[in-house]
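# Working through the structure, step by step
One letter stands for each residue in the lines below.
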Amino acid sequence: MKIYKDGSFKGIGIGYAGEIEALITIVQGKIKSIEFLSHNETPVISEPAFNHVPSNIIEKNTIMVPNVKGCSMSSRGIKEAVMNALILSGENKEELFKEFKNSENLDKIVVSKNKSKFKPVENFDIVIIGGGGAGLSAAISASNLGAKVVLLEKMAAVGGNTLVSMGGINIPGSDAQKSKKIEDSPELYYNDALVGGDGENNKELFKILSENALDTYNWLKEEIGVEFKKDELIHFGGHTVPRAAVFKGKYAVELISKLKEKAENLGVDIRTGVEAKEIITKDKEVLGIKATTEGNIVEFFGSKGVIFATGGFSGNIEMRKKYNPELDERYKTTNQSGITGDGHLMCEKLGVDFVHMSYIQTFPIANPLTGALSHVGGSRFDGAILVNKSGKRFVEELERRDVVSQAILAQDGGVGYLVWAQEVEAVANRTTDNKAEVNSLIRSNLFIEGNIEECSKKMDINLTTLKDTLNIYNSYVENGKDQEFNRRGNLINIKKGPFYIQTVAPAVHHTMGGIRINNENEVLDIEGNIIKGLYAAGEIVGGIHGTNRLGGNAITDILVFGKRTGEKIMK
Ligand code: ADP
């Protein structure tokens with residue numbers, strides 16, 4: 001076994017959401033401990049990587065250990081951090097690089113949490129596929145009504161793409177809206193969504209969504225114990241009023257952790273590392289699912305039916321190109337790696353009907369190199385402006401995602417620059433709250449903090465025009481009206497340094513299209529008939545959002561319809 005030099009050494013690696021800083025301690029030539037000083041990896045999703053990679057490194061005394069399936073980027077970041085600490089201890093850089101690279105070829109660790117040893121056939125009342133917000137809430141509401149539920153999740157942890165969101169849920173009438181005396185209603189919400197979706201929304205489904213949003217919010221608070229930030233709202237693009245209640249803590253971690261806890265307490269059998277492969281049918285009725293786990297095939301039967309909650313298909317490039325050839329390999333995605341349209345593909349074989357498949361949304365404010373959704377770039381909602389290389393604004397910052405995305409792509413280099421200063425920063429502390437993302441953006445030359453001269457020089461933006469743009473914008477703030485783009489919401493000064501400039505570009509984020517359901521969340525075939533035993537909820541469902549989903553509407557959608565599906569299937 002390799003002998004290293006004794007001592008404690010720090011190293012930094014890049015994970016999914018920025019820097020991971022590790023402190024390793026070597027005793028008698030062996031790696032004795034690995035401590036993490038800071039990181040910003042998505043909680044819950046990255047847990048399996050932190051549970052397995054460091055202990056493996058210690059056990060094998062090398063960074064030549066496999067990644068955890070579903071957490072490859074976090075696994076890689078952990079190994080890189082340890083590698084850099086070992087380099088600092090005096091180890092040979094080239095050799096370590098080789099080990100780091102070769103470790104990518106090892107078979108990934110599949111973390112499966114299967115209560116029982118694999119039986120080839122298992123029987124439940126309900127089988128749910130997918131452990132994002134939709135699947136978990138369906139599991140809770142069904143088991144609340146007495147169902148024996150199994151939830152199959154192919155990744156190492158539940159959370160899905162729900163965890164890769166800004167953490168806002170649109171609710172007309174939330175506590176935060178009340179405390180800010182914001183007048184809102186399900187009707188106003190419905191109208192905004194229809195304008196945002198060019199009227200192509202399935203109106204009946206959106207009506208259900210808007211009318212049940214507040215009830216679902218109360219259910220989250222009272223029955224699931226989800227906590228919200230008291231006075232904070234996000235004003236996502238396209239909404240007339242600030243409407244998104246914000247989960248306590250970061251992003252949607254509070255939501256997923258509480259849903260998971262509740263589901264487990266109710267006895268929902270959550271199986272991670274289990275991948276659904278095929279729908280089992282008999283005489284056109286859905287009976288169950290054939291799945292694989294750790295190389296075994298297991299058939300899960302649901303006497304009351306199967307609920308598909310497998311999310312969208314943003315991460316499946318072939319599918320994207322099939323339905324919208326423009327969105328090819330050039331586009332990165334904000335999505336976690338399990339979002340590959342598996343549910344759609346399984347349903348297609350069964351003759352399920354699809355709607356709006358070509359409506360695919362890009363999120364305008366992502367990392368141009370990785371596609372990761374930028375939480376620092378949430379400064380746009382707080383008051384940051386978007387400029388181009390010439391230092392000019394080019395779009396209303398709170399326009400719909402498709403409009404802002406297209407506008408950014410039309411600029412020089414296909415990128416935009418968010419510009420803000422201390423007044424905007426004070427609204428939600430985006431840079432201090434997302435330190436790891438900021439550090440990794442700096443390393444990639446995508447972010448700078450400083451005076452306006454330094455910032456514009458570093459980002460190669462025309463300084464004179466940028467200064468003019470800021471002066472004009474600040475005069476709009478004074479007059480309370482943006483005369484160029486009519487920016488909605490509060491206008492806030494960008495005057496007091498240090499300034500921040502961040503390079504941003506759109507990445508594929510959400511698929512509005514999907515399988516067709518009726519108002520009871522039953523799946524329909526191409527002739528419009530109900531497929532007995534098959535239900536769906538969440539992003540896999542098509543049509544609710546029309547051409548373009550407004551920010552904060554996905555979380556409302558998946559929870560309203562997830563909860564509802566669990567109830568409907570029990571009727
Ligand atoms: P929603 O927002 O609709 O709940 P999410 O994207 O949050 O959707 O969650 C969907 C979940 O479904 C993800 O965790 C994903 O890994 C899981 N999933 C996708 N395909 C399969 C499959 N074939 N078997 C099991 N789980 C799957």
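Predicted, not measured: the structure shown is a model, and the values here were computed from it. (Residues numbered from 1 in each chain as written. Predicted model: local features only at pLDDT ≥ 70, side-chain atom pairs only at ≥ 80, totals over all residues. Heavy atoms only, no water.)

### Describing the site of the ligand
For the ligand, the set of nearby residues contains 28 residues, the closest of which are Ala-134, Glu-153, Thr-162, Asp-342 and Glu-539. A distance of 2.5 Å separates an oxygen atom of the ligand from a polar side-chain atom of Thr-162. Burial of the ligand by the protein chains amounts to 99% of its free accessible area of 580 Å². Among the residues forming the shell around the ligand, the class breakdown is ten nonpolar, 13 polar and five charged. (Near = heavy atom within 4 Å. Polar contact = N/O pair within 3.5 Å; in protein donor to acceptor, adjacent residues only side chain to side chain. Areas by Shrake-Rupley, 256 points an atom, 1.4 Å probe, with all protein chains shown as cover. Nonpolar A, V, L, I, M, F, W, Y, C, P; charged D, E, K, R; others polar.)

### As for helix 6 (residues 186-196)
Within the sequence span of helix 6, burial applies to Tyr-189, Tyr-190, Asp-192, Ala-193, Leu-194 and Gly-196. Buried residues in helix 6 make contact with strand 6 (168-170), helix 7 (203-224) and helix 18 (553-569). (Buried < 20%, exposed > 50% of the residue type's maximum accessible area, 1.4 Å probe, protein only. Helix = DSSP H or I, 4+ residues; strand = E, 2+ residues; numbered from the N terminus. Contact = heavy atoms within 4.5 Å.)

### Some details on the side chain of His-545
When you line up the elements, His-545 lands in the loop between strand 21 (530-536) and helix 18. Since its relative accessible area comes to 3%, His-545 is described here as buried. Here Asp-557 takes part through its side chain, which lies 2.8 Å from a polar atom of the side chain of His-545. Among all residues touching His-545, those that are not within four sequence positions of it are Gly-197, Asn-201, Phe-206, Leu-209, His-510, Met-512, Asn-553 and Asp-557.

### Describing the packing of helix 16 (residues 452-459) against helix 17 (residues 463-479)
Remark: helix 16 packs on helix 17, axes separated minimally by 10 Å, with the N-to-C direction vectors making an angle of 125°. Classified by the angle between their axes, helix 16 and helix 17 sit oblique to one another. Here helix 16 runs over helix 17; the crossing is right-handed. Between helix 16, through Ile-452, Glu-453 and Ser-456, and helix 17, the contact on the second element is made entirely by Leu-463, Leu-466, Lys-467 and Leu-470. Broken down by class, the residue content of the contact of helix 16 with helix 17 amounts to four nonpolar, one polar and two charged. (Axes fitted to C-alpha atoms, helices over the stretch in contact; angles between N-to-C directions. Parallel < 35°, antiparallel > 145°, perpendicular 65-115°, else oblique. Left-handed = near helix turned anticlockwise from the far one by under 90°.)

### Examining the packing of helix 6 against helix 7
Relative to each other, helix 6 and helix 7 sit at 140°, their axes nearing to 9 Å. Overall, the two elements helix 6 and helix 7 adopt an arrangement that is oblique. Note on packing geometry: the crossing formed by helix 6 with helix 7 is right-handed. In contact with Pro-186, Tyr-189, Tyr-190, Ala-193 and Leu-194 of helix 6, helix 7 contributes Lys-203, Phe-206, Lys-207, Leu-209, Ser-210, Glu-211 and Ala-213.

### Some words on the sheet that holds strand 8 (residues 244-247)
Two modes of strand pairing occur in sheets, parallel and antiparallel, and in both the strands are linked by backbone hydrogen bonds. With antiparallel pairing, three strands are arranged side by side in an open sheet as 6-8-7. Both outer strands of the open sheet, strand 6 and strand 7 (228-234), are each paired with one neighbouring strand and no more. Here the average twist between neighbouring strands, direction ignored, is 40°. Sheet contacts for helix 18: strand 6 and strand 8; angle to strand 6, the most-contacted strand, approximately 70°. (Pairing = 2+ DSSP bridges.)

### Here's the deal with the pattern of salt bridges
For the structure on display, the rule yields 29 salt bridges. Here Glu-567 ties to Lys-563 by a salt bridge, and the two come within 3.1 Å at their closest N and O atoms. Taken together, the residues Glu-567 and Lys-563, both in helix 18 and four residues apart, mark about one turn of the helix. Judged by its relative accessible area of 16%, Lys-563 falls in the buried class. (Salt bridge = Lys/Arg side-chain N within 4 Å of Asp/Glu carboxyl O.)

### Regarding the side chain of His-344
Residue placement: His-344 occurs in helix 10 (residues 342-349). We classify His-344 as buried; its relative accessible area is 1%. Not counting residues up to four positions away in its chain, the partners in contact with His-344 are Gly-311, Gly-312, Phe-313, Met-319, Phe-354, Met-357, Gly-513, Gly-514 and Ile-540.

### A short note on helix 10
Residues lying three or four places apart along an α-helix face the same way, a consequence of the helix completing one turn every 3.6 residues. All of the buried residues in helix 10 are Asp-342, Gly-343, His-344, Met-346 and Cys-347. At its buried positions, helix 10 is contacted by strand 10 (275-282), strand 12 (296-308), helix 9 (317-323), strand 13 (354-355), strand 19 (514-515) and strand 21. Looking one or two residues beyond helix 10, the residue adopting positive phi is Gly-351, at roughly 85°.

### A look at the sheet that holds strand 3 (residues 30-38)
The antiparallel open sheet is built from three strands, whose spatial order is 1-2-3. The open sheet is flanked by strand 1 (7-14) and strand 3, the only strands paired with a single partner. Within this sheet the neighbouring strands show an average axis-to-axis angle of 25°, counted without direction. Here strand 2 (residues 19-27) runs beside strand 3; their pairing, made up of seven bridges, is antiparallel. Within strand 3, the position partnered with Ile-24 by the bridge is Ile-34. Each of strand 2 and strand 3 touches helix 1 (residues 47-60); the most contacted strand, strand 3, lies at about 150° to it. Contacts from helix 2 (residues 72-88) reach strand 1, strand 2 and strand 3, with the element oriented near 140° to strand 1.

### Focus on the pairing of strand 8
The side-chain alternation of strand 8 yields two buried faces, one formed by Ala-244 and Val-246 and the other by Ala-245 and Phe-247. Across three bridges, the pairing between strand 6 and strand 8 is antiparallel. Bridge pairing in strand 8 places Ile-169 opposite Ala-245.

### Quick notes on the environment of Lys-571
For Lys-571, the location among the structural elements is in the segment after helix 18. For the pair Lys-571 and Lys-389, spaced 182 residues apart in sequence, the C-alpha separation works out to 58 Å.

### Focus: the pairing of strand 9 (residues 269-272)
In strand 9, alternate side chains face the same way, and those of Asp-269 and Arg-271 on one face and Ile-270 and Thr-272 on the other are all buried. Examined bridge by bridge, strand 5 (residues 149-153) and strand 9 share four bridges and lie parallel to one another. Following the sheet pairing, Val-150 is matched in strand 9 by Asp-269.

### Here's the deal with the nonpolar core
Counting residues in hydrophobic clusters, the biggest one holds 89 residues, and the most contacted among them are Leu-220 and Phe-308. Counting residues per element, this core draws most heavily on helix 7, at nine residues. For Leu-220, the residues in contact, after removing those within four places along its chain, are Ile-169, Gly-225, Val-226, Phe-228, Leu-255, Leu-259 and Leu-559. Counting residues in hydrophobic clusters, the runner-up holds 49 residues, among them Ile-234, Val-376, Ala-384 and Leu-446. (Core = buried A, V, L, I, M, F, W, Y, C linked by side-chain atoms within 4.5 Å.)

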